[in-house]
Amino acid sequence: MSIAAAQKRSFGAVLWDYLTTVDHKKIAHLYLIGGGFFFLLGGLEAMIIRIQLIKPENDFVSAGFYNEVFTMHGTTMIFLAAMPLLLGLMNAAVPLQIGARDVAFPFLNSLGFWLFMFGGLLLNMSWFFGGAPDAGWTSYVPVSTTSPGHGVDFYVMGLQIAGAGTLIGGINFLVTIINMRAPGMTFMRMPLFSWTTFITSVLILFAFPALTVGLFLLMFDRMFGTAFFDVSLGGNTIIWQHLFWIFGHPEVYILILPTFGIFSDVFSTFSKKRLFGYTAMVFATILIAFLGFMVWAHHMFTVGLGPVANSLFAIATMAIAVPTGIKIFNWLATMWGGSITINTTMLWSLGFIPTFTIGGMTGVMVASVVADYQYHDTYFVVAHFHYVIVGGTVFGIMAGLHHWWPKMFGRILNETMGKLTFWTFFIGFHLTFFIQHFLGLMGMPRRYWVFLENQGLDLGNLISTIGAFFMAFGVIVFMINVVYSAVKGEKAGADPWDGRTLEWTIASPPPFYNFKQTPLVRGLDPLWIEKTEGKGKMTPAEPLGDIHMPNPTFLPFMMSLGLFVAGFGFIYQVNYDWAYGLLFGGMAITLVCMLLRSLKDDHGYHIPKEELEGKAK
Amino acid sequence: MKGWMGKIRAVFLLGLTALVLSACGRENLTALDPKGYGAQKSFDLIILSTVVMLFVLAAVMVVYTIVLIKYRKKKGQEDYIPKQVEGNKTLETIWTIIPIILLLIIAVPTVTATFDLADTSGSDDHMNIQVTGNQYWWHFNYEGQEIQTSQDMYIPVGEKVYLNMKSADVTHSFWLPTVTGKMDVNPDNENTMYIEAYEEGVYWGKCAEFCGPAHSLMDFKVIAVSQDEFDQWVADMQNVDPDAEPDSAVAQDGKALFEENNCMGCHAIGSSPVQVGPNLTDFGNRSKLAGTEEMNKENLVQWIMDPESMKPGNKMTGNYPEVSKDEAGKIAEYLLQLKPSEITPESAKD
């Protein structure tokens, strides 16, 4: 194994390695590649939106195509870019942070990724098969149930498959974090990123089933003639909105909590201080997650639920500002009195604070029901959620990428290009979205394909589009940076940032078994403790012994491929009988793979102690 | 001390108001220059919550700036190890309690206003209009008054008008920013809200809930006129004879063509209830064609010949026999003379 790794391998061998890998570090790479690809696609869609809105009554794209583009922009960014990129960072960092050799279920980890990837591909296949979904990322019925063509069917099947992958990923991290922490790593000694991954996984576990149910109902209405949402047959359209947001609101926290963890680790590392108010940070995270499930109807203030429901959901929503505020001030206090290094990672984290504070502010403003009667479904809301999702999630992902890039790839991203990316993106972002608060209040509803002349909306939209070009430029520079660092990047040592947590105790990139001997954890920021006590490295918690490793497997890829094929079958059985072939054929592939997995014993293999000793030299 | 705080607040509020008003958009479309009951309630809360939240932002930014200036790593400090502080109960309690108080300042008036605007118990004593959302136009039925209009809704200024809203197809949202906030128009149930315009004027309304390809073109107008003018308008509308022959010969031909092509299968003139297409009783007085286009013969001819080019996804396309440009011109001539009242959007400018 070690000899093979040292040699230059053929492209085919590398590809096969990635298709069959169950190593969390390689799955992290896959998530970054997949999520990155969809991020670029979603960004391209964003640029089409902004170019269309550069001037009043523009005819750059048609109304139908525009609806597809904004639907796919939202769906892609949330489900196929932000979440997978976060799952990528989790896979890269969490097992290392808690001192584990892998996740609890390596096979499921791979299955989760391939389900996401094939779900995302299925969804995007709609572009080539007569039109993408065009009912918005929320797919409100009856617009979605009555949408002609198969666009919405691709939405239903694609998200169902990708969602199953996310659910599997979430469960995997729950079990990993509960069961596989190194000796001495109690819950209250866990780095914040591991904590927020844990809480996020709980959110995934409870939120995604609501989406699954909603998607099934929509699927049955569209494909099998049921009438869950058909008012004329006794159905109810509001039910969809409830189901969607019971999933959809926690989803917002699924996107933001992991980056809260990233920022916590980053601020403490680059201020050379332990996190201020660690316990409060943990409980604030739990509280935000809990309240996240209690506030879904604030997306529905204008539905007509009545003043009692509206008031209760308004107050519950405002309450979330309290734990979030605690976090912001604790981060500031972490830096207070510290010795702050400002590099690209820190720039993204520092840029996050004012941006996210503004997003949080407007969040409270939107929670004020009667004020929301004006904001709702306008560009004010578009501005608000981009401030939290871009200002929180995207900034967090960028901070996380720059932070863990050396650990993942053994090379440091270029600082000059990193700073150029940050500044252009940051300035472009505020240019694009700040003005949208005003556009919304000046009468611009969201999801408008054109805005009319002579309504006072021209200048704001023009500025917004100019900002979008700045952001696009920033992203391009980042891509150049990635390629540059792969070719000429500075090699990273085990601990390039003077880190505090376990991932910085092993080589960059880490050996495939992570820790030769599991480390003994003696407190919060274990590496920092060893450094301050003059040892600089971890004490092992066990004698050197054989390491048990899982075998690579092609089954997860095939299982997901089967569902991908079956997805087409479900969609087209409405029109063509031959599609049943795809439906049953695809399901058969998946089921046979599942059977193989169940019947064939796979005990993995051991790395003998002697080999590990040999490597130590 | 108190006077000093007051002064700062006054200057701050004035500055904010100036900022908001200088860029507040078109005066009959913006939510930032309210001219009606609901919009005023919303605006008050927008300002209140903005002020409270800017206070929070200021607090964050002050600490942030100090941190960035004071605690950056300086030259020669490479080996400096700051004190590892665990936390501070007092500080953390302070930044838990202050936000709670600030939120209460917003929450209490929010709840009051929510209940106020949801109180529709007075609907029996006021005018009621049944609003129906359709892809992609609005229908207004003046309950008990035998008046049906589409796209343009006339109301008396300074009076509460109750809107009972339901959708004929998908979910829409009725939004009249300058007069009131929005409310969804669902196919499931009837939602009721009341509006009151403080000033005469033509207010621009929009559909705010995504409803299909022409969502962004689903505009309507609410025309607030004086009570006398409104009474006149009601009388005129009630006296409409849908079968009246137009004056000019061209328009008479147009009327014949209108009937021949079975336009009445979808549209109505007079007080017939909601149909597949908009009611055309006061078509000639409408401020805009199809809600968004300029009202002139040229546009109308284009609309009749190819509605798809002006409103993608509408239900008129392909549902009537093809008409020549000449025929369309005659129909247009007929429709444009449907002006049952002297009260027009022009009347709303006092």
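Residues numbered from 1 in each chain as written. Chains lettered and ligands numbered in written order. Predicted model: local features only at pLDDT ≥ 70, side-chain atom pairs only at ≥ 80, totals over all residues. Heavy atoms only, no water.

The cut-off we apply is this: UniProt positions are given in the numbering used here, feature names are shortened, and annotations may be inferred rather than shown by experiment.
The name given to chain B in an unreviewed UniProt entry is Cytochrome c oxidase subunit 2, and the organism recorded there is Lentibacillus cibarius. Entered under Sequence similarities (unreviewed entry) in the UniProt record, the comment concerning chain B runs "Belongs to the cytochrome c oxidase subunit 2 family." Of chain B, the UniProt comment under Function (unreviewed entry) reads exactly: "Subunits I and II form the functional core of the enzyme complex. Electrons originating in cytochrome c are transferred via heme a and Cu(A) to the binuclear center formed by heme a3 and Cu(B)."

As named in an unreviewed UniProt entry, chain A is Cytochrome c oxidase subunit 1, taken from Lentibacillus cibarius. The Subcellular location (unreviewed entry) field of the UniProt record for chain A holds the comment "Cell membrane". We quote the UniProt Pathway (unreviewed entry) comment for chain A here in full: "Energy metabolism; oxidative phosphorylation."

## Considerations on the overall build of chain B
Cut-off, in case you're wondering: Secondary structure counts use DSSP, requiring at least four H or I residues in a row for a helix and at least two E residues in a row for a strand, with both numbered from the N terminus. Here the globule rule is a power law, 2.2 Å times the number of residues to the power 0.38, and the radius of gyration is based on C-alpha atoms. Any residue under 20% of the maximum accessible area for its type is buried, any over 50% is exposed, and the rest in between are partly exposed; the area is computed with a 1.4 Å probe on protein chains only. The contact rule is simple, with two residues in contact once any of their heavy atoms fall within 4.5 Å. The convention is simple: Lys and Arg are positive, Asp and Glu are negative, and His and the chain ends are not counted. For the purpose of locating charges, the reference atoms are NZ of Lys, CZ of Arg, CG of Asp and CD of Glu.
For chain B, the helix and strand inventory stands at seven helices and twelve strands. Relative to a compact globule of 350 residues, whose C-alpha radius of gyration would be 20 Å, chain B shows 27 Å and is clearly more extended. Each principal axis of the C-alpha distribution contributes one length, and for chain B these read about 95 × 50 × 40 Å. The 350 residues of chain B split such that 52% are buried. The long-range fraction of contacts in chain B, counting pairs at least 24 apart against all pairs at least 6 apart in sequence, stands at 66%. For chain B, the distance from the average position of its 28 positive side-chain charges to the average position of its 48 negative side-chain charges is 18 Å.

## Points about the UniProt feature "domain: Cytochrome oxidase subunit II copper A binding" (unreviewed entry) in chain B
In this structure's numbering, the residues bearing the UniProt feature "domain: Cytochrome oxidase subunit II copper A binding" (unreviewed entry) are residues 124-236 of chain B. Taken end to end, residues 124-236 of chain B comprises 9% helix and 53% strand; its first and last C-alpha atoms sit 24 Å apart.

## As for a nonpolar patch on the surface
Residue and element names in this part refer to chain A. We apply this condition: Here the term patch refers to residues with relative accessible area over 30% and no salt bridge, with like charges joined within 9 Å and nonpolar side chains (Val, Leu, Ile, Met, Phe, Trp, Tyr) within 5 Å. Note that accessible areas follow from Shrake-Rupley with a 1.4 Å probe, and for residues the cover is restricted to the protein chains shown. Think of a salt bridge as a Lys or Arg side-chain nitrogen and an Asp or Glu carboxyl oxygen that are within 4 Å of each other.
Taken together, the side chains of Ile54, Trp423, Ile427, Leu459, Leu462, Ile466 and Phe470 make up a nonpolar region of the molecular surface, amounting to roughly 610 Å² of accessible area. Elements with a contribution of two residues or more to the nonpolar patch: helix H16 (415-441) and helix H17 (458-488). It is H17 that provides the largest number of residues to the nonpolar patch, a total of four residues. Locating Leu459 in the fold gives a position in helix H17. Overall, the relative accessible area of 59% leaves Leu459 in the exposed class.

## A short note on the side chain of A:Thr357
One can find A:Thr357 in helix H13 (residues 344-367). According to the relative accessible area criterion, A:Thr357 is buried, its value standing at 9%. Look past the residues within four positions of A:Thr357 in its chain and what remains in contact with it is A:Ile328, A:Phe352, B:Leu57 and B:Val60.

## Side note on the pattern of salt bridges
Residue and element names in this part refer to chain A. Considering all chains together, one arrives at 24 salt bridges over all chains under this definition. Of the charged contacts, one joins Asp17 and Lys26 as a salt bridge, the two residues approaching to 2.9 Å between their closest N and O atoms. A relative accessible area of 15% means that Asp17 is categorised as buried. Here Asp153 makes a salt bridge to Arg222, at a shortest N to O gap of 2.6 Å. Separated by 69 residues along the polypeptide, Asp153 in helix H7 (residues 151-179) and Arg222 in helix H8 (residues 192-223) bring together distant segments of the chain. A cluster of three or more residues bridged by salt bridges with shared partners is formed by Lys272, Asp495, Asp498 and Lys531.

## Regarding the UniProt feature "domain: Cytochrome oxidase subunit I profile" (unreviewed entry) in chain A
The UniProt entry lists residues 10-522 of chain A under the feature "domain: Cytochrome oxidase subunit I profile" (unreviewed entry), expressed in the numbering used here. Helix makes up 69% of residues 10-522 of chain A and strand makes up 1%, while its end C-alpha atoms are separated by 44 Å.

## With respect to the packing of aromatic side chains
Condition: For Phe, Tyr and Trp, where Trp contributes only its six-membered ring, two rings pair if their centres lie within 6.5 Å, and the inter-plane angle classes them as stacked under 30 degrees, edge-to-face over 60, or tilted in between. To sit over a ring, a charge needs its Lys NZ or Arg CZ within 6 Å of the ring centre and within 35 degrees of the ring normal.
Under the defined criterion, the tally for this structure stands at 81 aromatic pairs over all chains. Plain terms: the ring middles of A:Phe206 and A:Phe293 are 6.4 Å apart, the flat faces sit at 90 degrees to each other, and that makes the pair edge-to-face. With A:Phe206 in helix H8 and A:Phe293 in the loop between helix H10 (278-292) and helix H11 (307-319), the pair connects residues that are 87 residues apart, well separated along the chain. Geometry around A:Phe187 places A:Arg181 over its ring, the cationic atom sitting 4.0 Å from the centre. Seen from the ring of B:Tyr194, B:Lys160 lies directly overhead, with NZ or CZ sitting 4.6 Å from the centre.

## What to know about the sheet that holds strand E2 (residues 137-142) of chain B
Residues and elements named next belong to chain B. So the rule is basically this: Pairing between two strands requires that DSSP report at least two bridges joining them. Axis lines are fitted to C-alpha atoms, over the contacting stretch for helices. Their N-to-C directions set the angle, which ranges from 0 to 180 degrees.
With mixed pairing, the five strands of this open sheet are ordered in space as E3-E2-E1-E5-E8. Here the strands that pair on one side only, and so sit at the sheet edges, are strand E3 (147-150) and strand E8 (191-195). This sheet shows a mean twist of 25 degrees between the axes of neighbouring strands, independent of strand direction. As paired elements, strand E5 (residues 161-167) and E8 share five bridges and run antiparallel to each other. Each residue of the ladder has a partner; that of Met165, found in E8, is Asn191. Strands in contact with helix H4 (residues 227-238) are strand E1 (127-134), E2 and E3; relative to E3, the strand with the most contacts, it is inclined by about 100 degrees.

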